Amino acid sequence: MDMTAVLEIVTQSNPGMVRSNNEDSVMANPLRGFAVLADGMGGYNAGEVASGMATALLGTELEKAFIEREPSSKDASGKSWAHVKVEAEMARVNAAIYQAAQSQPQYAGMGTTLVVGVFHDNKVTVGHIGDSRLYRMRGEDFQQITRDHSLLQEQIDAGIITPEQARHSQNKNLVTRAVGIDPEVAAEMHDHEVLPGDVYLFCSDGLNDMVEDDEIGMTLGALSANLELCAMQLIEMACDNGGRDNVSVILVKVKGEYPAARGWWVRFLAWFK
Amino acid sequence: MAKLILSMETTVLKEIPLTKERITIGRKPHTDIQIDNLAISGEHAVVITILNDSFLEDLGSTNGTFVNGQSVKKHFLVNGDTIELGKYRLKYVSEVPQQTSSADFEKTMILRPGAAKMPAPGPATAVPSAPPAAPAAAVPAHMSTSPGMAPSPPSVAPAAAPAMPLGAIQILSGGNAGKEMELTKTLTTLGKPGVQVAVIARRPHGYFITHVEGASFPVVNGKALSTQAHQLVDHDVIELAGVKMEFFLKS
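Note that the structure is predicted; figures quoted are calculated from it, not measured. The residue numbers shown here count from 1 along each chain, following its written sequence. Here chains are named by letter from A upward and ligands by number from 1 upward, in the order in which they appear as written. Side-chain atom pairs in this predicted model are given and counted only at pLDDT of 80 or more, local residue features only at pLDDT of at least 70, and totals for whole chains, interfaces and linings cover all residues.

Engineer: Explanation requested: the sheet that holds strand E19 (residues 223-224) of chain B in the structure shown.
Structural biologist: By definition, the strands of a sheet pair up through backbone hydrogen bonds, in either a parallel or an antiparallel sense. All names here are of chain B. The sheet built from six strands is open, its strands ordered E14-E13-E22-E21-E18-E19 with antiparallel pairing. The sheet is open, and its two borders are formed by strand E14 (180-182) and E19, each paired with just one other strand. With three bridges joining them, strand E13 (residues 166-171) and E14 adopt antiparallel strand pairing. Across the sheet, Gln170 pairs through a bridge with Glu180, a residue of E14. Strands are treated as partners if at least two bridges between them are detected by DSSP. Helix and strand definitions here come from DSSP, where helices need a minimum of 4 consecutive H or I residues and strands a minimum of 2 consecutive E residues; each element is numbered from the N-terminal end.

In structure tokens form, the structure reads like this:
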């Protein structure tokens, strides 16, 4: 299914005001309706290598997978192909980065966070590892959809610290899960219903550490008519507030419904595959 | 490294670096900060430190624990907080270490699962859990370049820019002529959605107008804008969706 008719996607990445290099990496495939954002870490340029590997590998592998089969087709367990593939490919990316980090001394210890979204059948399948986020704007309602794999989030969940206090925490930069650090890592996978008019924001922590959620939501609300400007504005706000980290955003606006074709002929075709 | 400075009235008695995960405060000799005064309970309060954050918990003391004049059961300490126990004061000082280089800023680091256990949440009285392994020792596993923990300075707060005069818009034509609107928000949109919309962004160094949607672009002082942001100066006249308005700075 050609998703360009129903999705508008904009990607932007900026090194910020302090860093000389950009360890974030973003990619989107408007035709197949998916986007990937990675925030790399590790010395020298290893963070860039890790995040770059993640977006490149997922970009090609997911495209291949979705040409082969419709992302919404179900497998025996009842999970969508998108769900199965995102989970499997994130595991493979982890193995690839881990291998590279193990075999090449200059890449030792590199890793990346990852957030992947696949739009199919009026849904979005989301996989994430680490503290890069996905937000959704629906009407007036602006919500974070992913839950960070970070020390702070664990403390919030355990009731040790309130979200308000978390904003003043000194422990912001500690993730509890990342891609490429251990031989295996589990991606957190969820499917969410999508409505026409929704705007999705993928971002690295360089945005949400510098700009309050309220302000991000307000910007999406005010500028959703012009996604390019909206993305630019978000990055500008992060930079105006100090821009201490790389800032990356992917905006996806849903312009209409995109149900999976369910006719007999689809099943018939699928039967031959 | 954060520390507590113990004082009574104006005399500083002691400085206590928060090197341990749990530092207990009380009258009994086995507490870490012993204050031999009848107003202090045997085990009065505890300060729990997790990496760069510290929390204060009252342990069900008779006379209570106060922070900056407020009674607290559990409190997230921020730099400069004053803990009051009877006549004694403990000032919490959390020094953000000097950054050795800008590259150390806010490096995202992996914290291995299980490396730093968190103390059990729950009622303030639930105390004895074996202190987990010192988190600081377990963390550096993946810090390839950072020589030390480089905590982020409290971020979100916008950079303290020199106070910029507040901008406002006054409508000059149409039904709302004479109306004034202060530009207090980061973004203010103007115009009619679907027809013509522009946005004015409030930034540390001024106000900027940008075209958002619509076939025609906003006109400033008789000149149509491009897609680029345009910085507004005092008394600029903006024309948008058939309405004239003036931008001005309030002093």
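Engineer: I keep staring at the nonpolar core and nothing clicks. Help me out?
Structural biologist: A general trend in soluble globular proteins is that nonpolar side chains are found buried together. For our purposes the nonpolar core covers buried Ala, Val, Leu, Ile, Met, Phe, Trp, Tyr and Cys residues that link as a set through C-beta atoms within 7 Å. To sort residues by burial, count the other C-beta atoms lying within 10 Å of each one's C-beta; a count of 20 or more means buried, 12 or fewer means exposed, and anything in between means partly exposed. C-beta atoms are built from the backbone. Core analysis: the largest hydrophobic core is formed by 100 residues, its most contacted members being A:Val116, A:Phe202, A:Val249 and A:Ile250. At nine residues, helix H7 (residues 227-240) of chain A tops the list of elements feeding residues into this core. Leave out the neighbours within four places in its chain, and A:Val116 touches A:Phe34, A:Val36, A:Leu58, A:Val86, A:Met90, A:Val126 and A:Gly127. With 23 residues, the next largest nonpolar core counts B:Ile33, B:Ala45, B:Val47 and B:Ile50 among its residues. Whether two residues are in contact is decided by their C-beta atoms, placed from the backbone, lying within 7 Å.

Engineer: How should the confidence of the model for chain B be read in this particular structure?
Structural biologist: Low-pLDDT stretches of the model should not have their predicted coordinates read in fine detail. All names here are of chain B. Values of pLDDT, the confidence the predictor places in each residue, fall between 0 and 100. On average, residues of chain B carry a pLDDT of 79, and 75% of them reach 70 or more. A low-confidence stretch, residues 98-105 (pLDDT under 50), is modelled with ten contacts involving residues beyond four sequence positions or located in other chains. Below a pLDDT of 50 lies the segment residues 115-161, which in the model reaches 84 contacts outside its immediate sequence neighbourhood of four places, other chains included. The ipTM, which scores confidence in the relative placement of chains, is 0.83 for this predicted complex, and the corresponding pTM is 0.78.

Engineer: Help me out: how do you make sense of the environment of A:Asn171 in this one?
Structural biologist: Tracing the backbone shows A:Asn171 in the loop between helix H4 (163-166) and strand E8 (174-175). Accessibility expressed as a C-beta count within 10 Å gives 21 for A:Asn171, which makes it buried. Sequence separation between A:Asn171 and A:Leu58 is 113 residues; the distance between their C-alpha atoms is 30 Å. Excluding residues that lie within four positions of it along the chain, A:Asn171 makes contacts with A:Leu151, A:Leu152, B:Ile50, B:Leu51, B:Asn52 and B:Asp53.

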